[in-house]
Amino acid sequence: SQLSFEEDTQKQRAVGPWKTLMPSKGSKEEPETGGQGAGGADETQSTEQLNVSRLRSSSVEIREKGSEFLKEELHKAQKELKLKDKECERLSKVREQLEQELEELTASLFEEAHKMVREANTKQAASEKQLREARGKIDMLQAEVTALKTLVITSTPSSPNRELHPQLQSPSKAVFRKGHGRNKSTSSAVVSAASQSVTPEPVSPERKEVDSILFAEFQAWKESPTLDKSCSFLDRIYREDVGPCLDFTKRELSELVRVAVEQNTLTIEPVASQTLPVVKVSAEECGGPKKCALSGLPRTCKHRIMLGDSGNYYYISPSCRARITAVCNFFTYIRYIQQGLVRQDVELMFWEVMRLRREMSLAKLGFYPSEM
C-alpha cells in the first residue's frame, strides 16, 4: 500500500502543481479549455488506480489473515486428532487388560470350583471311611458288652469271677498276661469300669499314714484329672518314680519307651509268640534272646516290646519288663480315673496310687516277681 501511495505521489508531481478548481471571491476566471481538461482526466485516472491498489492490498491482507486463521484451525484440529488417537489407544489397552483379567478370573473360578469338588469328594470318602470304622467299633463293643454280661452273670459276691475282677489277681497276672498288648485296648477299659464298682483289694495289715502334702496334690489333680505332667501331682511322680524307673543304659531307646508308655502304644509279648520273620533293625539295637536291648547286658530275654506300629521288636530282660509294667500299671490306673471309670472314695484311690508308686520304686531297685 505504501508503494502504491508513493507511485501516486510521483504521478501527481509529474502532472504538475494542483490548480484551484473553484475561483476565489472577487475574481472571475474563465475555465481553461484544452490543458485543464487533460489534467482532470489524469487526476481521475490516478484516483481510480489508487482505489484499485488499495483494494488489492486489502484483498492480500484478507487472504493472509484467512490463511493464518485456517492454519491455526488446522493445527488445532491436528492436536485434537492426536489427543483422540491417544485416548483411543488408552481405551484399547484398558479393554485388553479387562479382557485378560476376565479370562484369568474365569480360569481361577473354574479351578477353584474343581478344587472344591475334589475336596468335597475327599471329605465324603473320609467320612464314609470313618462311618465304616465307627460301625465296626460299635459291633465290637456290642460283642464285648455281650461277653461282659455273660461274665457278670457267672460272678457272685461269694464266688467272684477272677477274669471279671482283675484286682483279685496278682498285678503281673492281672495286667500283663501272655500275649497282652497295651495299644488299642477297648475291652480292658470296659472290664476295668465294671471292676472298679466292687469292693477294692483287701488292705494288708501293715500300718499306713496319709502324707498331707501328697494327698493334697492328689486331691487337686482329682478335681480336674489330666495327663499333663506340668501339674504338681504328676510332676512329682515323674521326677521320683517314672523317670528313674524308665532310665535304662540305652538312653535313646529309653526315651522311645517312655513316649510309647505315655501314649499307650507299647506292646509286650512273650518271645515264643514271635511271628515276624525279619527284624528291621540291627541285632545290637534289638538285643536278642540272650541280650537285653535296654540294659545291654547278657540276660535271658523271655519277652520283647514293640513301640507303636513301627514293627521293630526289642528283647528285654525280666527286670526291665518289671520296670516297664510297673509304669504301665500306674498310667493305666490314672487313665481310668481321668475317664471316670473308677468309682471309689478319694482316699482309696490315693492309696492305690501309692501302691503303684511303691511297685515302681521296687522295680527300679531290681525287685520283681519270680514268674517274670
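Up top is the structure these notes are about.
Rules of the game
- Residues numbered from 1 in each chain as written.
- Predicted model: local features only at pLDDT ≥ 70, side-chain atom pairs only at ≥ 80, totals over all residues.
- Heavy atoms only, no water.
- Helix = DSSP H or I, 4+ residues; strand = E, 2+ residues; numbered from the N terminus.
- Buried < 20%, exposed > 50% of the residue type's maximum accessible area, 1.4 Å probe, protein only.
- Contact = heavy atoms within 4.5 Å.
- Core = buried A, V, L, I, M, F, W, Y, C linked by side-chain atoms within 4.5 Å.
- Axes fitted to C-alpha atoms, helices over the stretch in contact; angles between N-to-C directions.
- Parallel < 35°, antiparallel > 145°, perpendicular 65-115°, else oblique.
- Nonpolar A, V, L, I, M, F, W, Y, C, P; charged D, E, K, R; others polar.
- Left-handed = near helix turned anticlockwise from the far one by under 90°.
- Pairing = 2+ DSSP bridges.
- Polar contact = N/O pair within 3.5 Å; in protein donor to acceptor, adjacent residues only side chain to side chain.
- Patch = residues over 30% accessible without salt bridge, like charges linked within 9 Å, V, L, I, M, F, W, Y side chains within 5 Å.
- Areas by Shrake-Rupley, 256 points an atom, 1.4 Å probe, with all protein chains shown as cover.
- Salt bridge = Lys/Arg side-chain N within 4 Å of Asp/Glu carboxyl O.
- Lys, Arg positive; Asp, Glu negative; His and termini not counted.
- Charge placed at Lys NZ, Arg CZ, Asp CG, Glu CD.
- Phe/Tyr/Trp six-rings, centres within 6.5 Å; stacked < 30°, edge-to-face > 60°.
- Lys NZ or Arg CZ within 6 Å of the ring centre and 35° of its normal.

(A) The arrangement of the overall build of the protein in detail. Secondary structure summary: the protein contains 10 helices and 3 strands in total. Walking the protein from its N terminus toward its C terminus, one meets helices and strands in the order α-α-α-α-α-α-α-β-α-β-β-α-α. When burial is assessed residue by residue, the protein has 29% of its 372 residues classed as buried. Within the protein, residue pairs in contact and separated by at least 24 positions form 70% of the contacts whose partners lie at least 6 positions apart.

(B) A look at the nonpolar core. Ranked by size, the top nonpolar core spans 50 residues in total, and within it V242, L266, L294, I305, I324 and F330 carry the most contacts. The set of elements that each furnish at least two residues to this core consists of α5 (212-223), α6 (232-245), α7 (251-262), β1 (266-270), β2 (303-307), β3 (313-316), α9 (318-338) and α10 (346-364). Per-element tally for this core: the top contributor is α9, with 11 residues. For F330, the residues in contact, after removing those within four places along its chain, are L234, I237, V242, V353, L356 and M360.

(C) Broad picture of the packing of α6 against α10. Their axes nearest at 8 Å, the elements α6 and α10 cross at an angle of 30°. With respect to their mutual orientation, α6 and α10 come out roughly parallel. Where α6 approaches α10, its residues F233, R236, I237, E240, D241, V242, P244 and C245 are matched on the opposing element by V353, R357, M360, S361, A363 and K364. Looking at side-chain class alone, the contact of α6 with α10 contains 8 nonpolar, 1 polar and 5 charged residues.

(D) Region of interest: the packing of α5 against α10. Look at α5 against α10: their axes get within 11 Å of each other, and the N-to-C directions meet at 115°. By the angle between their axes, α5 is roughly perpendicular relative to α10. The crossing of α5 and α10 is right-handed. On α10, the residues that touch L214, F215, F218, Q219 and K222 of α5 are V346, E347, M349, F350, V353, M354 and R357. When grouped by side-chain class, the residues that make up the contact of α5 with α10 number 8 nonpolar, 1 polar and 3 charged.

(E) Geometry of the pairing of β3. Neither face of β3 is open: one carries Y313 and Y315, the other Y314 and I316, and all of them are buried. Sheet topology places β2 next to β3; 4 bridges connect them, and they run antiparallel. Bridge pairing links H303 to I316 in β3. The loop that links β2 with its antiparallel partner β3 comprises 5 residues; one of these, G308, has a positive phi angle of about 70°.

(F) Fine view of the environment of E269. Here E269 lies in strand β1. As a C-alpha pair, E269 and Y315 span 46 residues in sequence and 9.9 Å in three-dimensional space. Looking at E269, its side chain comes within polar contact range of the side chain of R304, at 2.6 Å.

(G) Geometry of a negative patch on the surface. On the surface, a cluster of negative charge is made up of E61, E64, E68, E72, E73 and E80. By the element assignment, E80 lies in helix α2 (residues 35-153).

(H) Here's a closer look at the pairing of β1. Across the 5 residues of β1, 5 count as buried, placing the element largely inside the fold. Burial along β1 is two-sided: L266, I268 and P270 facing one way and T267 and E269 facing the other are all buried. As paired elements, β1 and β2 share 5 bridges and run antiparallel to each other. Note on β2: the bridge partner recorded for T267 is M306.

(I) Looking closely at the packing of aromatic side chains. All told, the structure shown has 8 aromatic pairs when counted by the stated rule. Ring geometry for F218 against F350: centres 5.9 Å apart, planes inclined by 55°, an arrangement best described as tilted. With F218 in helix α5 and F350 in helix α10, the pair connects residues that are 132 residues apart, well separated along the chain. Just as F218 is buried, F350 falls in that class too. Summarising the aromatic geometry, the rings of F330 and F331 are spaced 5.5 Å apart at their centres and angled 70° between planes, so their arrangement reads as edge-to-face. Here F330 and F331 have matching classes, each one buried. These aromatic residues form a ring-pair network of at least three members: F215, F218, W221, F233, F350 and W351. Between the NZ or CZ atom of K208 and the centre of the ring of W351, over which it lies, the distance is 4.5 Å. For K229, the ring lying beneath its charged end belongs to Y238, and the centroid distance is 5.2 Å.

(J) The arrangement of the sheet that holds β2 in detail. One open sheet accounts for 3 strands, arranged β1-β2-β3; its pairing is antiparallel. Because the sheet does not close on itself, it has two edges, and the strands there are β1 and β3. If you compare each strand with its neighbour and ignore which way they point, the axes differ by 30° on average. Packed onto the sheet, α7 meets β1, β2 and β3 and runs at close to 75° relative to β2. Against the sheet, α9 makes contact with β1, β2 and β3, and its axis sits at roughly 140° relative to β1, the strand it touches most.

(K) Region of interest: a nonpolar patch on the surface. A cluster of nonpolar side chains, L362, L365 and F367, forms an exposed patch at the surface whose accessible area comes to about 340 Å². Assignment of secondary structure puts L362 in helix α10. Under the relative-accessibility criterion, L362 is labelled partly exposed at 39%.

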